[in-house]
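Overview (structure and organization)
Here is how the chains run, residue by residue.
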Amino acid sequence: MASTAALGTRGSRDLHRRIPGRHRLPRPVLARGGLHAYAGFGPLPLQVFFVALVVLDPLAAALTLWLRPWGFKLAAVVMTLDVLANWYVNGAWVAADPTRLLRPVGLLPITLFGLFVVATAPALLRAARGSVTADLPVVRPPLIRKDAERQSGPDATGAHR
């Protein structure tokens, strides 16, 4: 491995750029920009919403894991608003090039996950409230009567003489 002196005056910061296969992990957006991390990313109410997701997403996840009914409701509302906000902000981008929607990162996974959360929320909410029971109809075999041998005849074939 090369020493930092051989890499230039910037030292170890260049080390990440010069060694193949070594990548810098991007810092989280909020860590770099603070409350203004989403400046220029839509109108101010959407910027506030995207910053608020730092609290809302873990809260919805925790309430859902604890099987609290409000967790499922909050998750469905947050994901609905998140999908709508992302489509609002990226609408012109998708209109300019609809094939960008098919990329595995971006609107497609957000939309699919949002649909999954909203579609499963009612069933999970019923299960958390206890209104879903395991009393499902069961197919049971016919009862064998104690006098079955007497009714089937002497040769047990059901034929009577």
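To start, this report covers the structure provided alongside it. Nothing here was measured: the structure is a model prediction, and the numbers come from that model.

1. Details of the nonpolar core
- Counting residues in each nonpolar core, the largest one holds 12 residues, listed as L46, F49, F50, L53, A60, L74, A75, V78, M79, V83, A85 and V117.
- Elements represented by at least two residues in this core include exactly α3 (44-65) and α4 (69-96).
- With 6 residues, the single largest contributor to this core is α4.
- The residues touching V83, leaving out its near neighbours within four places in the chain, are I110, T111 and G114.

2. Side note on a nonpolar patch on the surface
- A contiguous nonpolar surface patch, about 280 Å² in accessible area, is contributed by V77, L81 and L84.
- Residue placement: V77 occurs in helix α4.
- The class for V77 is partly exposed, based on a relative accessible area of 47%.

3. Topic: unusual backbone geometry
- Its identity is not glycine, yet L67 carries a phi of approximately 55°, on the positive side.
- Secondary-structure assignment places L67 in the loop between α3 and α4.

4. Quick notes on the packing of aromatic side chains
- Using the criterion set out here, one finds 2 aromatic pairs in the structure.
- Ring geometry for F49 and F50: centres 5.8 Å apart, planes at 55°, overall tilted. Each member of the pair, F49 together with F50, is buried.
- When the ring centre of W70 is taken as origin, the NZ or CZ atom of K73, which lies over that ring, is 4.8 Å away.

About the criteria used
- Residues numbered from 1 in each chain as written.
- Predicted model: local features only at pLDDT ≥ 70, side-chain atom pairs only at ≥ 80, totals over all residues.
- Heavy atoms only, no water.
- Core = buried A, V, L, I, M, F, W, Y, C linked by side-chain atoms within 4.5 Å.
- Buried < 20%, exposed > 50% of the residue type's maximum accessible area, 1.4 Å probe, protein only.
- Helix = DSSP H or I, 4+ residues; strand = E, 2+ residues; numbered from the N terminus.
- Contact = heavy atoms within 4.5 Å.
- Patch = residues over 30% accessible without salt bridge, like charges linked within 9 Å, V, L, I, M, F, W, Y side chains within 5 Å.
- Areas by Shrake-Rupley, 256 points an atom, 1.4 Å probe, with all protein chains shown as cover.
- Salt bridge = Lys/Arg side-chain N within 4 Å of Asp/Glu carboxyl O.
- Phe/Tyr/Trp six-rings, centres within 6.5 Å; stacked < 30°, edge-to-face > 60°.
- Lys NZ or Arg CZ within 6 Å of the ring centre and 35° of its normal.

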